[in-house]
Amino acid sequence: MRVLDQETFFSELSKLYDQRKGSGSVWVSAKRTVKPIKWEKGVTKSKAETKERNPRCLVRATDGKKKKISCIISAKDQARFQDRLFSTVRVHTEGMVKRARTRKKNTAS
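Residues numbered from 1 in each chain as written. Predicted model: local features only at pLDDT ≥ 70, side-chain atom pairs only at ≥ 80, totals over all residues. Heavy atoms only, no water.

(A) Seen up close, the overall build of the protein. When helices and strands are tallied, the protein shows three helices and four strands. The N-to-C order of helical and strand elements in the protein reads β-α-β-α-β-β-α. Counting across all 109 residues of the protein, residues that qualify as buried make up 24%. Looking at the protein alone, contacts between residues at least 24 apart form 59% of all its contacts between residues at least 6 apart. Surface summary for the protein: the accessible area is close to 9100 Å², and the carbon and sulfur share equals 50%. (Helix = DSSP H or I, 4+ residues; strand = E, 2+ residues; numbered from the N terminus. Buried < 20%, exposed > 50% of the residue type's maximum accessible area, 1.4 Å probe, protein only. Contact = heavy atoms within 4.5 Å. Areas by Shrake-Rupley, 256 points an atom, 1.4 Å probe, with all protein chains shown as cover.)

Structural data, given as structure tokens:
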């Protein structure tokens, strides 16, 4: 899994949606974390420093097969990132067709 900055994450996410446009799915998940992340260099692991750190959000996206991307968002950048994420998802899902539902009759007597 590659950890990217925000700009690269959104460009890769758009590419991922374009690749899976005809068929397939893209999963986006977010997870709150305050613990040091293993790919950060020079991180100390004392519990006192972990409590003082600002909470961050690890955002992951995958196509379920090969490609996995992720990005770490600080708490202060969360609102701006969320707005941009929703607009990106909205752009790439606007062509979806609403499913026709049929009513089932209750046969229980």
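(B) Representation of the state of the cysteines in the model. All told, the structure shown has zero disulfides when counted by the stated rule. Just so you know, Cys71 is unpaired, no disulfide at all, and the nearest cysteine sulfur is the one on Cys57, 9.1 Å from it. Note on Cys71: relative accessible area 0%, which makes it buried. (Disulfide = S-S within 2.5 Å.)

(C) How the structure looks around the pattern of salt bridges. Inspection of the entire model under this criterion finds four salt bridges. Between Arg84 and Glu7 there is a salt bridge, and its shortest N-O distance comes to 2.9 Å. Of this pair, Arg84 sits in helix 3 (residues 78-92) while Glu7 sits in helix 1 (residues 6-19), placing them 77 residues apart in sequence. The partner of Glu12 in a salt bridge is Lys67, with the nearest N and O atoms 2.7 Å apart. Of the two residues, Glu12 is situated in helix 1 and Lys67 in the loop between strand 3 (56-62) and strand 4 (68-74); the sequence distance between them amounts to 55 residues. Among the residues examined, Glu12 registers a relative accessible area of 11% and is labelled buried. Among the residues examined, Lys67 registers a relative accessible area of 21% and is labelled partly exposed. Members of the salt-bridge network, linked through shared partners, are Glu12, Lys15 and Lys67. (Salt bridge = Lys/Arg side-chain N within 4 Å of Asp/Glu carboxyl O.)

(D) Molecular detail of the packing of aromatic side chains. Enumeration over the complete set of coordinates arrives at three aromatic pairs. Ring geometry for Phe9 and Phe81: centres 5.9 Å apart, planes at 40°, overall tilted. Note that Phe9 is positioned in helix 1 and Phe81 in helix 3, a separation of 72 residues in sequence. Like Phe9, the residue Phe81 is buried in the burial classification. (Phe/Tyr/Trp six-rings, centres within 6.5 Å; stacked < 30°, edge-to-face > 60°.)

(E) Focus on helix 3. Taking 1.5 Å of rise per residue, 15 residues should cover 21 Å, and helix 3 covers 21 Å from first to last C-alpha, within 8% of that figure. Residues of helix 3 that are buried in the fold lie against helix 1, strand 2 (27-33), strand 3 and strand 4. (Expected span 1.5 Å × (residues − 1).)

(F) Up close: the environment of Gln19. Inspection of the secondary structure assignment puts Gln19 in helix 1. Expressed as a C-alpha distance, the spacing of Gln19 and Asp63, which sit 44 residues apart in the sequence, is 9.1 Å.

Any functional reading would require information that these geometric values do not contain.
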